[in-house]
Each structure stands twice: as C-alpha cells, then as structure tokens.
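Topology and contacts: notes
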Amino acid sequence: MEPLPSLLKSSNGDFVMMEQLKENLAGIHARIAQAAIRSGRRPDDVMLIGVTKYVDAETTLALVDAGCCELGESRPQMLWEKSKTLSSNPIHWHMIGHVQRNKVKRTIECCDLIHSVDSHRLIRAIDDASRQLGTVTRILLEVNVSGESSKQGLTPTEMPQTIELASELDHIAVCGLMAMAGLKGDLNQARREFASLRDLRSELATDCPRDVCLKELSMGMSRDFEVAIEEGATMVRVGSLLFEGV
Ligand SMILES: *Cc1c(COP(=O)(O)O)cnc(C)c1O
C-alpha cells in the first residue's frame, strides 16, 4: 500500500527537522569547545542544557534522538508533562525557571537539578518536600547579578546567610550558582555580570561549610553562552539557537 501523502510529507518533514537539529547541535558543541579551550578548560567541562520550552514533546524527542539528553524547562507544569510523556528516554531534566512552593513536590520528583532557587522560603520548601519523599534534591542558588528588579534571584549580600541556611538542611545539596545576564546590557555587560558571579563563588567558597559545594556555575544562553564559558560557566542553557530553522 502506498503511504498517504500526508504521512509521507510528515515523515519527510521529520527527517528535515532531524538533520537541522543535528546541524544546530553540532554547531553549538563546536562553539562550546572553542570557548572552553580559549579559557584553558576542556570542552567536556561544560554541559550543554537544551532548553525545550519553545517546542512540543515531539520536537523535544527529536532533540534527544539527535543526542542532547540534558534538557531544561522553565515552567513546572511543562516539565511534569514532558518528563511523563518522554519517560522512556534517558533524559536528565533541569528546572530553570521560577518554582512556586506549591509546585515543589511534583517538580523534584521529575527533575535532576533545580537551577532557579531564589528564596529562603523556597529552600525550606524543597528541603521539606525532599524529606517527605526520602530524597536529597540537588539545587543551584540563583543570584541576581544584574541588579535589574525584573530578575529573580537572591542578592549577593544575602548569599552568606543563604549558604549557612542550606548547610543546616539535610535534604538539599547545593551544587553551585546560577545567573542570567540583564536584558538591557550588551555582551560586555553580560561578561561583567558573569565574572561577578564567578567572583562571588570564590568569595563564598573561602569559608564555605564542608557540606556545601559550589562547583557549578550555570550561566549563558543563546546570545551570550560563549562569553559565559570564558568567564567560567560549567553549564550553559541554550534554547532558541538550537531550534533555529526547525
Ligand atoms: C529561556 C531560557 C533560556 C534559554 O534562552 P535562549 O535565549 O532561548 O537560549 C535559558 N535560561 C533560562 C532561565 C530561560 O528561561
């Protein structure tokens, strides 16, 4: 039997999409590698997180098939839905957007790392829910380095206290810091903001409790990931660039 024209078209479309995704992914990996080498690090030291908030489950799956299995979503509900739909795939999910406290429990059940922990209340809520679930949740602390009031995040001056709080709680594991560059600035401004996150990490690390680790720096998106890597990013969160032309 001849395939229906619509099926033919769709499978051909899938093929084209897949080729485009592979090409985009290869291009981004190459740029990550070059930026890592420029900053005296190994390409493997930087993790690419594919941000899938713009696309449906089907396109998300195509990205996984193209070889990107670290995925980020910025809305809890989307993360829950996609992680369920795609549960048979070897995906590590990253929560990168604001998490309301009533969404904590379901979110920690389906993600590997929460990048966007932006208040003491949220830290306590994650610890509580993790205790109930008998688990330890890995988190990053989001810092507002741009000073823009529209940005989520803890202020740099709150950080010593935040680290102290985190070290008292048994069901969270702080793995590092996260930031977004301000919307208003150019790349030089983004560079200064990323450098300030790295410097803050060094400052905090000098008298950090032994059970708190600040290894990871999650910073950099489509427009500024190379600059972020040059300033020390260990994780970059790239969305729109991945799906260009798809
Ligand atoms: C959307 C989003 C990204 C990806 O942004 P692009 O510019 O599309 O690469 C990264 N981080 C966070 C927190 C986001 O919300």
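Reading guide: rules and limits
- Residues numbered from 1 in each chain as written.
- Predicted model: local features only at pLDDT ≥ 70, side-chain atom pairs only at ≥ 80, totals over all residues.
- Heavy atoms only, no water.
- Buried < 20%, exposed > 50% of the residue type's maximum accessible area, 1.4 Å probe, protein only.
- Helix = DSSP H or I, 4+ residues; strand = E, 2+ residues; numbered from the N terminus.
- Pairing = 2+ DSSP bridges.
- Right-handed = clockwise from strand over helix to strand, strands pointing away.
- Near = heavy atom within 4 Å.
- Polar contact = N/O pair within 3.5 Å; in protein donor to acceptor, adjacent residues only side chain to side chain.
- Areas by Shrake-Rupley, 256 points an atom, 1.4 Å probe, with all protein chains shown as cover.
- Core = buried A, V, L, I, M, F, W, Y, C linked by side-chain atoms within 4.5 Å.
- Contact = heavy atoms within 4.5 Å.
- Axes fitted to C-alpha atoms, helices over the stretch in contact; angles between N-to-C directions.
- Parallel < 35°, antiparallel > 145°, perpendicular 65-115°, else oblique.
- Left-handed = near helix turned anticlockwise from the far one by under 90°.
- pLDDT = per-residue confidence, 0-100.
- Salt bridge = Lys/Arg side-chain N within 4 Å of Asp/Glu carboxyl O.

1. Description of the pairing of strand 2 (residues 70-73)
Where burial is concerned, the two faces of strand 2 agree: the one with E70 and G72 and the one with L71 and E73 are both buried. Of the strand pairs in this sheet, strand 1 (residues 47-51) and strand 2 are connected by two bridges, and their pairing is parallel. In the sheet register, V51 faces strand 2, and the bridge partner there is G72. Regarding topology, helix 2 (residues 57-65) serves as the crossover connection from strand 1 to the parallel strand 2, and that connection is right-handed. Where strand 2 meets strand 3 (residues 92-95), four bridges bridge the pair, whose relative direction is parallel. Across the sheet, residue G72 finds its bridge partner in strand 3, namely H94.

2. Let's talk about the site of the ligand
As a matter of local geometry, the ligand sits amid V51, K53, Y54, S74, I96, M180, M221, S222, R237, V238, G239 and S240. Y54 has a polar side-chain atom sitting 2.4 Å from an oxygen atom of the ligand. Interatomic distance of 2.9 Å between a side-chain N/O atom of R237 and a nitrogen atom of the ligand. Relative to its unbound accessible area of 390 Å², the ligand is 90% covered by the protein chains.

3. Some thoughts on the nonpolar core
Membership of the largest hydrophobic core comes to 69 residues, with the highest contact counts inside it found for I114, I126, L141, L177, I229 and V236. Not counting residues within four places of it along the chain, the set of residues in contact with I229 comprises I32, A35, A36, S39, R41, V46 and V236.

4. A few points about the packing of helix 5 (residues 120-133) against helix 6 (residues 159-168)
The packing of two helices is summarised by the inter-axis angle and the distance between the axes. Packing of helix 5 against helix 6 leaves a shortest axis separation of 11 Å and a crossing angle of 10°. For the element pair helix 5 / helix 6, the angle class is roughly parallel. Note that helix 5 runs across helix 6; the crossing there is right-handed. Of the residues in helix 6, those touching helix 5 at H120, I123 and R124 are Q161, T162 and L165.

5. Digging into the environment of V55
Examined against the element boundaries, V55 turns out to sit in the loop between strand 1 and helix 2. Each C-alpha atom, one on V55 and one on I108, is 22 Å from the other, the two residues being 53 residues apart in sequence. V55 has contacts with T60, K82 and F243, leaving out every residue within four places of it along the chain.

6. Overview of the confidence of the model for the protein chain
Reading predicted coordinates in detail is not appropriate for stretches of low pLDDT. Within the protein chain, residue pLDDT values average 93, and 95% of them lie at 70 or more. Note that residues 4-9 has pLDDT below 50 and, in this model, one contact with residues that lie over four places away or in other chains.

7. So, the pattern of salt bridges
Within this structure, the stated rule accounts for 11 salt bridges. We note a salt bridge from E230 to R191, for which the minimum N-O separation is 2.7 Å. Of the two residues, E230 sits in helix 8 (residues 225-230) while R191 sits in helix 7 (residues 187-206), which places them 39 residues apart along the sequence. Between E231 and R198 there is a salt bridge whose closest N-O contact spans 2.7 Å. A residue pair is termed long-range when its members are at least 10 positions apart, and E231 in the loop between helix 8 and strand 8 (235-238) and R198 in helix 7 qualify at 33 residues. You can call R198 partly exposed: its relative accessible area is 26%. The structure contains a network of salt bridges with shared partners spanning R38, R191, R198, D199, E230 and E231.

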